[in-house]
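Architecture and fold: a report
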Amino acid sequence: TVQDCNLYAHFAKQFAAHSADELLLTDAGRSYSYADIDRESARLTRYLTGLGIKTGHRVSVQVDKSVASLAP
């Protein structure tokens with residue numbers, strides 16, 4: 001069988017297994033857990049869905065490398 005090689009599917013497994021664990025720590029000392037990033041991902045998904053983006057559509061962004069681009 002072909003495995004789901006979707007990047008989100010890989011991360012979703014990590015979110016479930018490590019939800020309370022720290023994923024990111026900023027230079028300013030702000031900590032983000034796997035659950036925090038998962039929650040922000042769901043928020044962004046709801047926003048894009050509200051704009052009419054559907055499964056199979058492609059979305060591209062160009063942002064500076066920062067925690068804010070992962071979890072605003």
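In this text the structure is predicted, and so the values were computed from the model without any measurement.

1. What to know about helix H2 (residues 34-50)
Spanning 17 residues, H2 covers 24 Å between terminal C-alpha atoms, matching the ideal 24 Å at 1.5 Å per step. Turning to H2, its buried residues are Tyr34, Ile37 and Glu40. Mapping the buried residues of H2 onto a view down its axis gives an arc of 130°, with all of them on the same face. Every exposed residue of H2 that faces more than 90 degrees away from the buried side is listed here: Arg46 and Gly50. In this structure, the buried side of H2 is in contact with helix H1 (7-18), strand E1 (22-25), strand E2 (31-33) and helix H3 (67-70). Count one or two residues on from H2 and you reach Gly52, which has phi positive near 100°.

2. A short note on the packing of H1 against H2
Between H1 and H2, whose axes approach to 9 Å, the crossing angle comes to 135°. Comparing their axes, H2 and H1 come out oblique. Crossing of H1 against H2: the hand is left-handed. Across the interface between the two elements, Tyr8, Gln14, Phe15 and His18 of H1 pack against Tyr34, Ile37, Asp38 and Ser41 of H2. Its residues assigned to classes, the contact of H1 with H2 shows four nonpolar, three polar and one charged.

3. A short note on a nonpolar patch on the surface
On the surface, a cluster of nonpolar side chains totalling about 690 Å² of accessible area is made up of Leu44, Tyr47, Leu51, Ile53, Val59, Val61 and Val63. Look at Val59 and you get partly exposed, because its relative accessible area is 49%.

4. Some words on the confidence of the model for the protein chain
Mean pLDDT for the protein chain: 84, with 90% of residues reaching 70 or above. Across the protein chain, the secondary-structure element scoring lowest on mean pLDDT is H3, at 75, and the one scoring highest is E2, at 90.

5. A few points about the pairing of E1
Relative to E2, E1 runs antiparallel, the two sharing three bridges. Bridge pairing links Leu24 to Tyr32 in E2. The hairpin formed by E1 and E2 contains five residues between the paired strands, and Gly29 there has a positive phi angle of roughly 90°.

6. Notes on the side chain of Thr26
Checked against the element boundaries, Thr26 lands in the loop between E1 and E2. Given a relative accessible area of 17%, Thr26 falls into the buried group. Apart from residues no more than four positions distant in its own chain, Thr26 is found in contact with Tyr32 and Val67.

Rules used in this analysis
- Residues numbered from 1 in each chain as written.
- Predicted model: local features only at pLDDT ≥ 70, side-chain atom pairs only at ≥ 80, totals over all residues.
- Heavy atoms only, no water.
- Helix = DSSP H or I, 4+ residues; strand = E, 2+ residues; numbered from the N terminus.
- Expected span 1.5 Å × (residues − 1).
- Buried < 20%, exposed > 50% of the residue type's maximum accessible area, 1.4 Å probe, protein only.
- Arc of directions from axis to C-beta.
- Contact = heavy atoms within 4.5 Å.
- Axes fitted to C-alpha atoms, helices over the stretch in contact; angles between N-to-C directions.
- Parallel < 35°, antiparallel > 145°, perpendicular 65-115°, else oblique.
- Left-handed = near helix turned anticlockwise from the far one by under 90°.
- Nonpolar A, V, L, I, M, F, W, Y, C, P; charged D, E, K, R; others polar.
- Patch = residues over 30% accessible without salt bridge, like charges linked within 9 Å, V, L, I, M, F, W, Y side chains within 5 Å.
- Areas by Shrake-Rupley, 256 points an atom, 1.4 Å probe, with all protein chains shown as cover.
- Salt bridge = Lys/Arg side-chain N within 4 Å of Asp/Glu carboxyl O.
- pLDDT = per-residue confidence, 0-100.
- Pairing = 2+ DSSP bridges.

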